[in-house]
Amino acid sequence: MTNVLICGILGRMGKQLVESAAGTDVRVSCGVDIQAGELSGIPVYASFDAVRERVDCIIDFSNHALLPKILEYALSKRLPAVIATTGHTEAERALMREAAERIPVFSSGNMSLGINVLISLAKSAAAALGNDFDIEIIEMHHNRKLDAPSGTALMIADGIREVLPYEPEYVYDRTQRRCERSRNEIGIHSVRGGTIVGEHEVIFSGRGEVIRISHSAQGRELFAQGALAAAEYIKNKQNGFYSMKELLADSAVGMK
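Just so we're clear, the structure is a prediction, and the values are computed from it rather than from any experiment.

Draft legend 1. Layout of the overall build of the protein. When helices and strands are counted, the protein shows seven helices and 13 strands. Taking 256 residues into account, the globule formula puts the C-alpha radius of gyration at 18 Å, and the protein, at 19 Å, falls close to it. Seen along its three principal axes, the alpha-carbon backbone of the protein occupies a region of about 60 × 40 × 35 Å. Long-range contacts, defined here as pairs at least 24 residues apart, represent 65% of the contacts in the protein between residues at least 6 apart. Mean positive and mean negative side-chain charge positions of the protein (28 and 32 charges, respectively) differ by 1 Å.

Draft legend 2. Inspection of the sheet that holds strand β4 (residues 42-45) at higher detail. Reading across from one edge, β3-β4-β2-β1-β5-β6-β7-β13 is the order of the eight strands in this open sheet, with mixed pairing throughout. Of all the strands in the sheet, just β3 (37-39) and β13 (240-242) have a single pairing partner and so form its edges. Adjacent strand axes in the sheet meet at a mean angle of 25°, parallel and antiparallel pairs treated alike. With three bridges joining them, strand β7 (residues 104-107) and β13 adopt parallel strand pairing. Bridge pairing in β13 links valine 105 to phenylalanine 241.

Draft legend 3. Inspection of the packing of helix α2 (residues 67-77) against helix α3 (residues 90-99) at higher detail. Contact pair α2 / α3: the axes reach a minimum separation of 10 Å and the direction vectors enclose 5°. On the basis of the axis angle, α2 is roughly parallel to α3. Side by side, α2 and α3 meet where Leu67, Pro68, Leu71 and Leu75 of the first sit next to Glu92, Leu95, Met96 and Ala99 of the second. Here the residues of the contact of α2 with α3 sort into seven nonpolar, no polar and one charged.

Draft legend 4. Focus on the pairing of strand β12 (residues 210-217). In terms of strand pairing, strand β11 (residues 198-205) meets β12 through eight bridges, oriented antiparallel. Within β12, the residue paired with glutamate 201 across the bridge is serine 214. The turn joining β11 and β12, which pair antiparallel and follow one another in sequence, is formed by four residues; a positive phi near 75° is taken by glycine 208.

Draft legend 5. Here's a closer look at the side chain of histidine 141. Turning to its location among the elements, histidine 141 is positioned in strand β8 (residues 134-141). For histidine 141, a relative accessible area of 7% puts it in the buried group. A distance of 2.8 Å separates polar atoms of two side chains, one belonging to histidine 141 and the other to glutamate 139. Residues within four places of histidine 141 in sequence aside, it is in contact with Ser150, Val191, Arg192, Gly193, Ile196, Val197, Gly198 and His200.

Draft legend 6. Quick look at unusual backbone geometry. Between alanine 148 and the following residue, proline 149, the backbone shows a cis peptide bond with an omega angle of -5°. Inspection of the secondary structure puts proline 149 in the loop between β8 and α5 (151-163). For serine 40, which is not glycine, the phi dihedral falls at a positive 55°. Residues other than glycine seldom take positive phi values, yet arginine 78 does so here, at roughly 55°.

Draft legend 7. Structural detail: the pattern of salt bridges. As enumerated under the stated definition, the model contains 14 salt bridges in all. A salt bridge links arginine 192 to glutamate 139, with the shortest nitrogen-to-oxygen separation between them at 2.8 Å. One end of the pair, arginine 192, is in strand β10 (residues 185-192); the other, glutamate 139, is in strand β8, and 53 residues separate them in sequence. On the basis of relative accessible area, arginine 192 is assigned to the partly exposed category, the value being 28%. You can call glutamate 139 buried: its relative accessible area is 0%. Put simply, aspartate 250 and lysine 237 hold a salt bridge, and the shortest N to O gap is 3.4 Å. In this pair, aspartate 250 is assigned in helix α7 (residues 244-255) and lysine 237 in the loop between α6 (221-234) and β13, connecting sequence segments 13 residues apart. On the accessibility criterion, aspartate 250 (36% relative accessible area) is partly exposed. Bridged by salt links that share partners, the residues Asp134, Glu136, Glu169, Arg174, Arg177, Arg181 and Glu185 form one connected network.

Procedures and definitions
Residues numbered from 1 in each chain as written. Predicted model: local features only at pLDDT ≥ 70, side-chain atom pairs only at ≥ 80, totals over all residues. Heavy atoms only, no water. Helix = DSSP H or I, 4+ residues; strand = E, 2+ residues; numbered from the N terminus. Rg over C-alpha atoms; globule rule 2.2 N^0.38 Å. Contact = heavy atoms within 4.5 Å. Lys, Arg positive; Asp, Glu negative; His and termini not counted. Charge placed at Lys NZ, Arg CZ, Asp CG, Glu CD. Pairing = 2+ DSSP bridges. Axes fitted to C-alpha atoms, helices over the stretch in contact; angles between N-to-C directions. Parallel < 35°, antiparallel > 145°, perpendicular 65-115°, else oblique. Nonpolar A, V, L, I, M, F, W, Y, C, P; charged D, E, K, R; others polar. Buried < 20%, exposed > 50% of the residue type's maximum accessible area, 1.4 Å probe, protein only. Polar contact = N/O pair within 3.5 Å; in protein donor to acceptor, adjacent residues only side chain to side chain. Salt bridge = Lys/Arg side-chain N within 4 Å of Asp/Glu carboxyl O.

By themselves, these figures tell us nothing about what the structure is for.
Okay, here's the thing in structure tokens:
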């Protein structure tokens, strides 16, 4: 049994985590959020100082600005941390890398197993088509999402970048450009509206043909399942920085 602390437990994803953990080998022992109280019998604290329950791993679905406090607590207790928030600054990502020298840290811009398979497919396509095809990424989310582009769109773009024979330029806005599309652009477009959970599409446009690779999230449960899998994955790992790439690779090896 893996005992987890959820940071941001009173948010939409925090509540989904509690629901998804029921009947699994993950037990939500407590949570930390803005207000103290409880959720479905689980104690919720306003600060990490008040936590007294046994914790084997932290899952963070709060806000990227809270990362320093989360890592400070994780380091003080030698706890693995699953960072599932998005919108981190370069300085915050550096903090994660630094903390990973002393504890296991798992971070992913998207906790869906399916979206990480999409990234793998997009990389394969880019490796084969990158010289002759223009690449565009479209992401759509609900109207309450704070960051744009999504962390997932950037994950896709970064994955593609790894296999291209040139250094791409990420272009988020063409309203001030009065020129033809340059060969090395990767256009990244954001749509915000309604209750869209998450839609991502990678478009490869060539001469007379278009290839589309897409993923549609039907609900938040898949993100919760991915975060729970990540918590179990890093519970007994050595210090280091982990992502869905390592989880999927190890799972594939285990299935052989």
